[in-house]
Amino acid sequence: MNESTTPRRFDPWPAGVQPQVPIEGYPSTWDFTPSQSLFPRPATRTELTGPFELWRKLPCSENNLAVVSPGRTAQGQLIHIEGRILDEDGKPVRGAVVELWQANAAGRYRHALDQRAAPLDPDFIGNGRVRTDEEGRYAFFTIKPGAYPVPVKDTWWRPPHVHFSVLGPSTLSRLVTQMYFPADPLNDWDRILNSVPDPVARTRLIARQLPPAEVGDGWLGFRHDIVLRGRNATPVTP
Amino acid sequence: MTSTRFTPLSQHTIGPFFPATFFQEGDNDLTRVSADAPPTERGERIVLRGRLTKLNGAPVVNGIVELWQADSAGRFRHPEDPAWQEADPNFLGWGRAWTDADGQYSFHTVIPGGYVEGNQWRAPHANILIMAAGLMRPVHTTLFFPDFAEANAADPVLAVLPAALRPRLVAVDDGRTDGVRAFRFDIRLRAGRDEETPFFEV
């Protein structure tokens, strides 16, 4: 079975899509990245499979980062991010686990390693996890994150961005990426976004602003579809 | 037959701030599907542990290690496995660990079974995915066990490596912990030719 389907299902990454490292001004891209060439790995069953009911291990019910306790809303611009998780055929990936994390409106993470002198918001933690529905849809209520400086010798700034981790149907479709906001001037200078050589691929990392009335109730809407590697990626439910 | 291709999104680093609040008790315990689920009754329970390091052997702090493996009989509860219905219902096969200030990670799991695919035998193994600040793409490797020298010698993934590098993907005996055998698998992200862990292009 696999002999005929595997090569078609997982093509190599298209040119210009993967970030180029090391990134100047981001020393960690040097210290952490393997120096030796990667070896090609045959796609056996272990690579083509993945946890089928991952939601049993990772609870997928946190879709509102802006209101972590009743009556207390985080500070910042309230936004709604929605989109679909798709495979390379454009087909929905059902039951994918989507994790999102981000800085608060002042550009600070609620994390022991973020010691920057910017305020923490007592009403914002900054992470959520949901599972895609039958149409591959996900959605989060949150606030727009702030920009923040990268603490290196020649400081540069990260534009507002949201981290995504998507666990799809197999190891090969695992994706970790970041989402940016449209028309932010910092996008043009961001060393991480611009490590992606293909300008069209960079554009795909930028969310689309929805007409303001679309979400309603005071949430500014953004749409961001996420394409995972692989075709025919959504297996039939056993 | 040609259809419209959608291009996958570019990968990015997780950065230094992957939320500690994402981690729940039991995330690194594969012997239970979730913290409140019954434990698996199949296979030999083990501890897998090691240290994740970067340039100059410095520890990777707040790195993420994800494990994916077959059950004790070499089956996956996934439709890609023709025998998925026989897979252990109390074994998800996936876990996630988080490295501490010294770069240490650990998992509780069972020794996976090997399996036949086509005309080849996969030796018992576990796939490992690592994410960390500065790693713009997750890195992938595969762990093998010292118990199965013969199967390891015939494994098609291990065979991709030059013979001199293969021992680096075989975990080492690390005594006993909590009454079960422990195996150590240190992962050197960047260490130069003589020490670096071999990683796979996926």
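Treat the numbers as computed from the prediction; the structure is a model and nothing was measured. Every chain's residues receive numbers from 1 upward, in the order its sequence appears when written. Naming scheme: in the order in which they are written, chains are lettered from A and ligands are numbered from 1. For a predicted model such as this one, the threshold for reporting local features is a pLDDT of at least 70, and the threshold for listing and counting side-chain atom pairs is 80 or more; totals across whole chains, interfaces and linings nevertheless cover every residue. Working from all heavy atoms in the structure, the side-chain values ignore hydrogens and water.

1. Details of the packing of aromatic side chains
Point 1. Ring pairs shown here join Phe, Tyr and Trp side chains whose ring centres sit within 6.5 Å, with only the six-membered ring taken for Trp; geometry is labelled stacked below 30 degrees between planes, edge-to-face above 60, and tilted in between. Within this structure, the stated rule accounts for 16 aromatic pairs over all chains.
Point 2. An angle of 85° between the planes, with centres 5.1 Å apart, marks the rings of Phe181(A) and Phe222(A) as edge-to-face. With Phe181(A) in the loop between strand E10 (175-180) and helix H4 (199-203) and Phe222(A) in strand E12 (residues 220-223), the pair connects residues that are 41 residues apart, well separated along the chain. Of the two residues, Phe181(A) and Phe222(A), both sit in the buried class.
Point 3. A centroid spacing of 5.0 Å and a plane angle of 10° characterise the contact between Phe23(B) and Trp98(B), whose relative ring orientation is stacked. In this pair, Phe23(B) is assigned in the segment before strand E1 (45-53) and Trp98(B) in strand E3 (residues 94-98), connecting sequence segments 75 residues apart.
Point 4. Three or more aromatic residues joined by ring pairs form one cluster here, namely Trp101(A), Phe18(B), Phe22(B), Phe23(B) and Trp98(B).
Point 5. Directly above the aromatic system of Phe23(B) lies the positively charged group of Arg96(B), at a separation of 5.8 Å from the ring centroid.
Point 6. Two thresholds decide whether a charge sits over a ring: the Lys NZ or Arg CZ must be within 6 Å of the ring centre and within 35 degrees of the ring normal. Arg190(B) extends its terminal NZ or CZ atom over the ring of Trp30(A), reaching a point 4.0 Å from the ring centre. Here a helix means four or more residues in a row that DSSP labels H or I, a strand means two or more in a row labelled E, and each is numbered from the N terminus. Here's how the labels work: a residue is buried when its accessible area is under 20% of the maximum for its type, exposed when over 50%, partly exposed in between, all with a 1.4 Å probe on protein chains only.

2. Quick look at the side chain of Thr171(A)
Point 1. Looking at the secondary structure, you find Thr171(A) in the loop between strand E9 (161-167) and E10.
Point 2. Overall, the relative accessible area of 14% leaves Thr171(A) in the buried class.
Point 3. Any pair of residues with heavy atoms lying within 4.5 Å of one another is described as a contacting pair. Residues within four places of Thr171(A) in sequence aside, it is in contact with Arg41(A), Thr46(A), Glu47(A), Thr49(A), Trp68(B) and His140(B).

3. A few points about the pairing of strand E10 (residues 180-184) of chain B
Residues and elements named next belong to chain B.
Point 1. Strand pairing is assigned whenever DSSP identifies at least 2 bridges connecting the two strands. Here four bridges tie E1 to E10, and the two strands are oriented parallel to one another. Bridge assignment links Leu 48 to a residue of E10, and that residue is Phe 183.
Point 2. Bridge analysis of strand E9 (residues 172-177) against E10 gives four bridges, and the strand direction is antiparallel. Its bridge partner being in E10, Arg 176 is matched across the sheet by Arg 181.
Point 3. Between E9 and E10, which pair antiparallel one after the other, the connecting turn spans two residues, and Asp 178 there sits at a positive phi close to 50°.

4. Some points on the interface of chain A and chain B
Point 1. Each partner contributes residues to the interface: chain A has 88 residues there, and chain B has 79 residues.
Point 2. Accessible area, probed at 1.4 Å, shrinks when two parts are joined; the buried area is that loss added up over both. When chain A packs against chain B, the two sides together hide about 7,600 Å² of surface, and 61% of this comes from carbon and sulfur.
Point 3. It is Phe32(A), Arg45(A) and Lys57(A) that lose the most area in chain A upon contact with chain B, and together they represent 12% of the buried surface on that side.
Point 4. Each salt bridge in this description consists of a side-chain nitrogen of Lys or Arg and a carboxyl oxygen of Asp or Glu lying within 4 Å of one another. When the shortest N-O distance is used, the salt bridge between Glu99(A) and Arg96(B) registers 2.6 Å.
Point 5. Pairs of N or O atoms are called polar contacts if they sit within 3.5 Å, as long as, within protein, a hydrogen donor faces a hydrogen acceptor (for residues adjacent in sequence, only side-chain-to-side-chain pairs). Between the two partners, chain A and chain B, sit 42 residue pairs in polar contact (both at pLDDT 80 or more).
Point 6. Ranked by residue count, the leading element in the side of chain A that touches chain B is E10(A), at five residues.
Point 7. Counted by class, the side of chain A that touches chain B contains 44 nonpolar, 23 polar and 21 charged residues.
Point 8. Here strand E1 (residues 39-40) of chain A runs beside strand E12 (residues 200-201) of chain B; their pairing, made up of two bridges, is parallel. When the sheet's bridge partners are listed, Pro40(A) is paired in E12(B) with Glu201(B). Ten residue types, Ala, Val, Leu, Ile, Met, Phe, Trp, Tyr, Cys and Pro, are classed as nonpolar, four, Asp, Glu, Lys and Arg, as charged, and the remainder, Gly among them, as polar.

5. A word on the environment of Thr21(B)
Point 1. Tracing the backbone shows Thr21(B) in the segment before E1.
Point 2. Judged by relative accessible area, which is 44%, Thr21(B) ranks as partly exposed.
Point 3. The residues touching Thr21(B), leaving out its near neighbours within four places in the chain, are Ile125(A) and Asn127(A).
Point 4. Here the side chain of Thr21(B) touches Asn127(A) through a polar contact of 2.6 Å, side chain to side chain.

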